[in-house]
Amino acid sequence: MLLVVQRCKSAEVYVSKKIISKINRGLVLLLGVEKKDSLKDVIFLANKVTSLRVFNDDHDKTNLSINDVKGSILVVSQFTLCADTTKGRRPSFINSAEPAKAEKLYDNFILELKKRGIKCKSGTFGAYMELKLNNDGPFTLILNSK
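Quick summary incoming for the structure in this document. A quick note: this is a predicted structure, and the numbers were derived from the prediction, not measured.

Cut-offs and rules
- Residues numbered from 1 in each chain as written.
- Predicted model: local features only at pLDDT ≥ 70, side-chain atom pairs only at ≥ 80, totals over all residues.
- Heavy atoms only, no water.
- 1 Å grid on protein atoms, 1.4 Å probe; cavity = no way out; pocket = protein on both sides within 12 Å on 5 of 7 lines; lining within 4 Å.
- Points joined across faces, edges and corners; volume = space filled by probe spheres on them.
- Helix = DSSP H or I, 4+ residues; strand = E, 2+ residues; numbered from the N terminus.
- Expected span 1.5 Å × (residues − 1).
- Buried < 20%, exposed > 50% of the residue type's maximum accessible area, 1.4 Å probe, protein only.
- Arc of directions from axis to C-beta.
- Contact = heavy atoms within 4.5 Å.
- Core = buried A, V, L, I, M, F, W, Y, C linked by side-chain atoms within 4.5 Å.
- Disulfide = S-S within 2.5 Å.

Each pocket or cavity is described by its volume, and for the largest pocket that value is around 400 Å³. Along the wall of the largest pocket there are 20 residues; nearest its centre are Ser77, Gln78, Phe79, Gly126 and Ala127. Breaking the lining of the largest pocket down by element, the ones donating at least two residues are strand S3 (26-32), strand S6 (72-77) and helix H2 (99-115).

Below you can see the structure in the form of structure tokens.
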């Protein structure tokens with residue numbers, strides 16, 4: 001399971017030009033689910049992202065987690081993270097999980113974040129979405145559950 005973590009001042013997701021989710025200070029998470037992923041990967045990444053110290057303290061050091069700053073998380077599914085670009089010019093998505101499995105793990109990931117006390121919003125799984133992001137830093141990390 002792959003996760004792009006972006007610290008933000010605000011973010012919005014649109015489907016069909018209508019806003020469906022919005023957060024202020026927090027994290028935008030782009031989640032890619034691969035064929036080999038399971039609930040174990042979901043729990044690993046939920047624990048990791050909620051404990052990451054990526055927000056600045058009073059001394060401008062990244063010592064605070066999403067819980068410490070009482071921030072929100074916006075989760076957006078993005079199967080293109082699982083692309084294999086090693087051959088040719090067109091990405092292959094052979095490593096991406098089938099939609100039913102990916103959606104189940106995506107939903108479980110959001111539930112795990114909420115269980116940890118996170119204010120969590122999401123995009124619409126499988127929809128064409130527009131993401132407006134006011135990136136903070138920018139501060140971007142890539143996490144891999146493997």
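Taking 1.5 Å of rise per residue, 17 residues should cover 24 Å, and H2 covers 24 Å from first to last C-alpha, within 8% of that figure. Along H2, the residues that are buried comprise Ala102, Leu105, Tyr106, Phe109, Ile110, Glu112 and Leu113. Projection of H2 onto a plane perpendicular to its axis shows the buried side chains occupying an angular sector of 160 degrees, all on one side. Looking at H2, the residues exposed on the side facing more than 90 degrees away from the buried face are Ala100, Lys104 and Lys115. On its buried side, H2 packs onto strand S1 (2-15), S3, helix H1 (39-51), S6 and strand S7 (119-122).

Bringing the nonpolar core into the picture now. What tends to happen in soluble globular proteins is that the nonpolar side chains get buried as a cluster. Core analysis: the biggest nonpolar cluster contains 28 residues, and Leu29, Val75, Phe109 and Leu113 have the highest contact counts within it. Counting residues per element, the ones that place at least two in this core are S1, S3, H1, S6 and H2. Looking at this core element by element, the count peaks at six residues for H2. Discounting chain neighbours no more than four positions away, the residues touching valine 75 are Leu29, Leu31, Tyr106, Phe109, Ile110, Leu113, Cys120, Lys121, Ser122 and Gly123. Within the second largest apolar cluster, eleven residues are counted, among which are Val4, Leu74, Val76 and Met129.

Inspection of the entire model under this criterion finds zero disulfides. Sulfur of cysteine 8: no disulfide; nearest cysteine sulfur belongs to cysteine 120 and is 12 Å away.

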